[in-house]
Every structure is written in structure tokens, then in C-alpha cells.
Amino acid sequence: MSTPHGPDAASGPGPRRRARRWWIAAIVAVLVAAGAVVAGVLEHRAWVGTVATYEAEVARVTEDAATSRARAEEAYAASRDALDDAVDGGRPVLAGSEGQVGDPAVRAPLAAALDQAERLRDAEVTYPVSTRTVEEVTRPNLFRPQTLPRVEAEVVDGSDPAPAELHAAAAAVTAATAVVVEARQEWALEELQAAATEGRDALTELRPQVGAATLGELDAAVTDAEAMTDAGADALDPDDAVALRDTLLDTTETLWTDRLDQIVADRRRAARADGVDCREDRCVALTFDDGPVAETQRLLRILERKDAPATFFMVGDNVAARPEIARAVVDGGHLVGNHTWNHPQLTTLDDGEVRDEIRRTQDAVTDATGSTPFLLRPPYGDVDGRVRSLATRTGLDVVLWSLDTRDWESRDAREIRRRVRAEVEPGSNILLHDIHATSVDAVPKIIADLRKENYVLVTADLLVGPDEP
Ligand SMILES: [Zn+2]
């Protein structure tokens, strides 16, 4: 540039300054350009990441939409199978354990769990559906704006009822089943032990009477039962144990039935040899219950004077208190029967209690008299099939009465005598109680009355029932 003021030109920037400015401008320009490049690279990288996330989400939603129903159905089917298995395992255990588990409360949770499981199993299954969304994404880039669209898909969320619910119900059934199985094993073990004890007792008592050959089956069953009980409840198959118990009880009952028939047949044969045959004679039996007591001794003197046999159904507790009177009864030629230990209603007791009532009395009478009863008169005449079987398996025939003098009610010797005269007939089994003095008072005249009518006094086992040969 040229100016009229030449020297002024000399006062402007010199060539060195101009060069420096140019350099600064160049450096700034380079820095700005570099910054722009870096920003561009970073923005691109972020976008690439966003796209990757978006695509992964879309892929997952699409995959779920395609497969979630099949997965839900599969999970439901698996839980349903588990529930079916648990119910199939539990139902027979519940049914089979009826009456076999002491405490009914043990079975209640299994019944409840099975009901709940079956309700779930029978419920119609549904597969709820929900909508899953991948939101729209936009690229805030001035030069290259981009938009990734919103994506929606229907996805199955599982099942109703849920597999977890079915699995929980199955687990509850399985747990309750195990409790009942264990209780049933323990019950079966006790049953088997009790039956084995009865069998062992029968072996001990019968061996000297009938010989070993007859007892082979019972002996084998007792041995099997001991092996089974020794293995413990855990190893026990309740069905096997119950079958063996029944074999033991049936075998014991059959052996004793045969033996009792034999005892009575022998005694009837011996009586015939002495000239008494109740198939032809007008036999009657005087029977006295509830002793022995002090009054029994007076009765024994009367019977001895009259040379009259009688039958005494003794209470074990009284025998233990007065063993010498029990002994005197046997020594007097009379028959002693079992009237339980302390006079309960036997049908109201459980098996173990009935056995205890009978067996303690057997032992007390045997200890006191050396003679073991083979007749049981249940107190109050209270008896059923169960008590009868228990008595038989303990070596006792049940004998009731046919003529009730009601002596305990009237306490009047004349009234007692009147009843006997009015009601007696051949085969009468006459019920009296030697614990009442009035009953003992009535005996001399009763005997005189009976003999006047040609009745023959016998022990109760010799009476022949109407349908006996
Ligand atoms: Zn009685």
C-alpha cells in the first residue's frame, strides 16, 4: 500500500510482527479444526453405543415375543408333573393310613395339602400377556440426524397358577406324606410287636400242652416278626407288617380255639366218667362273680357241706389281696374263671388295656392257685367280637349267664331264691355274687330246690348249649 506520508509507513507494523500474527491465526485455526474432529469422533462413538443398546433390546423383545409362550407352557407343565407325582404319592398313603395312625391329627395336614393340590391341579391354566416396548431413539446431530423407531411386542409373562405355586403345593403334599408314612410305620411296628408278644405268650403256654409240631406256623411267624421289628420302624413296610400281624393273630387265635375246645372236651369226658352227662342230665351251674372276699369262705363251707360244685369268676385285684381264699376255692374242687383285674367295661378299652386286664388276672390266679383260668366272664356282660378274639388269644372262652338273679339289686335271700325257682331250666347258668351276704344266705335253699327238681349242679364249662352236640 502506498500513502502520501512515506514516513508514516515506517511507523506501522514491521514485517516481523505481521509474520507472528499469521502464525497465531494459523495455530488457532488448527486447534479449532482438531477440536471439531475430536467432538465429531466422540459423538459418533456415543451414537454407535446407543444403536447397539437399542438393537440388543429390540432383539431381546423380539426373541421373548417368539418364545415366551412355549417357555411358560413348559414351566407350567413341569410344575404340573411334579404336583401330579406328589398327589399320586400322597392319596394312597392317606387312604391306606385310615385307622392305622394313632392320632387323627397326624393325617389332617395331608388331607388339607392334597385338597389344596387338587384344587390347583384342576384349576384352568391361563397365560397372561403384556406389551413390551423399546422406545424411539433420535440422534441430535445437525448434519446427520437419525431416528430409530419405537418397537412394541406382545410377551407371555408366565402362567396362572404360577409354577412356583404348584411346586410349593407339591412340596407341602410330599412333606405331609412323609409325616404320615413315618407315623404309619411306627403304628405298624407297635401293632407287630404286640402281636408278636401275644404269639410268644401263646407259644410259652401252649408248648407244654400241645407239643411243638402244632406250633410250627406260629413259631415261624414270631421269628419273622422279631426280625422285622428288630430292623426298626424306618425299614418297615407297613403293609407287610400288617399282613404278618394278621397271620400272628389268626394263628394264635386258631391254636387257642383248638386248645380250648380240647380242654372242655376233656373235662366233659371226665365228668361223664363220673356219671354226669349234660347232654342227658338236667345240668345247671351256680356262678359267683366279683370275689374272692371274706364272705367267699362262708360260701365255700356251704358248698362243701352240700357237696355242690360252683364256678367263681374272680376279680384279679381281689385275688392279689386274698390269694389264700382263691386257693381254697380251687382246693374245694370248684372252677375259677377270670373276671378282669378291676372290673371295667372291656369294650371301652383299647387292645393293650384289655390284654392287661385279662393277663394280670390270669397271672394272679395262677400264682395263687396253681390253676390257670380258661373262662372269662366280661364285667356287665360287656363284650364284642374284638374283646372275644382278644380273650381267645389269651387262652380264654367268654362265658356269660342265662339266669340273672339280680341279687345285687334285691339284696334279699328269699327274692333271690324265688327268681331261681321261677326261671331255672336245664342248662341254666345262674349269676350270683359272693360279695353279698344275702346271696350267700340264699345258696343252701337254692341248692335244695334244684336237687328236688332233679337238677345236677356242674361247673359252667360242662353246660351244653342248645346247639351243641
Ligand atoms: Zn362282676
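Refer to the structure above for everything that follows.
Structure report, in brief. Note that this is a predicted model, so its numbers are computed, not measured.

As a further point, take unusual backbone geometry. The bulk of non-glycine residues show a negative phi, and the bulk of peptide bonds are trans. Note that the residue after Asp-160, namely Pro-161, is joined by a cis bond; omega there is 5 degrees. Examined against the element boundaries, Pro-161 turns out to sit in the loop between strand 4 (151-156) and helix 4 (163-210). Residue Pro-292 is bonded to the preceding Gly-291 through a cis peptide linkage, with omega at 0 degrees. Located in the positive-phi region is Thr-340, a residue other than glycine, with phi close to 75 degrees. Mapped onto the elements, Thr-340 comes out in the loop between strand 7 (335-338) and helix 10 (351-369). Given 24 C-beta atoms within a 10 Å radius, Thr-340 is considered buried. Non-glycine residue His-343 carries a positive phi angle of around 65 degrees. Secondary-structure assignment places His-343 in the loop between strand 7 and helix 10.

In a regular helix each residue adds 1.5 Å, so 82 residues correspond to 122 Å; helix 2 (residues 15-96) covers 117 Å between its end C-alpha atoms and thus fits that length. In the structure, helix 2 departs most strongly from a straight axis at Thr-67, where the bend amounts to approximately 50 degrees. Within helix 2, only eight of the 82 residues are buried, which leaves it mostly out in the open. Within helix 2, the full set of buried residues consists of Ser-68, Ala-72, Ser-79, Leu-83, Ala-86, Val-87, Gly-90 and Val-93. Each element contacted by the buried residues of helix 2 is listed here: helix 3 (108-122), strand 4 and helix 4.

Here is what the cut-offs are and how they apply
Residues numbered from 1 in each chain as written. Predicted model: local features only at pLDDT ≥ 70, side-chain atom pairs only at ≥ 80, totals over all residues. Helix = DSSP H or I, 4+ residues; strand = E, 2+ residues; numbered from the N terminus. Buried ≥ 20, exposed ≤ 12 C-beta atoms within 10 Å, placed from the backbone. Expected span 1.5 Å × (residues − 1). Bend = angle between axes of the 7 residues up to and from the residue. Contact = placed C-beta atoms within 7 Å.

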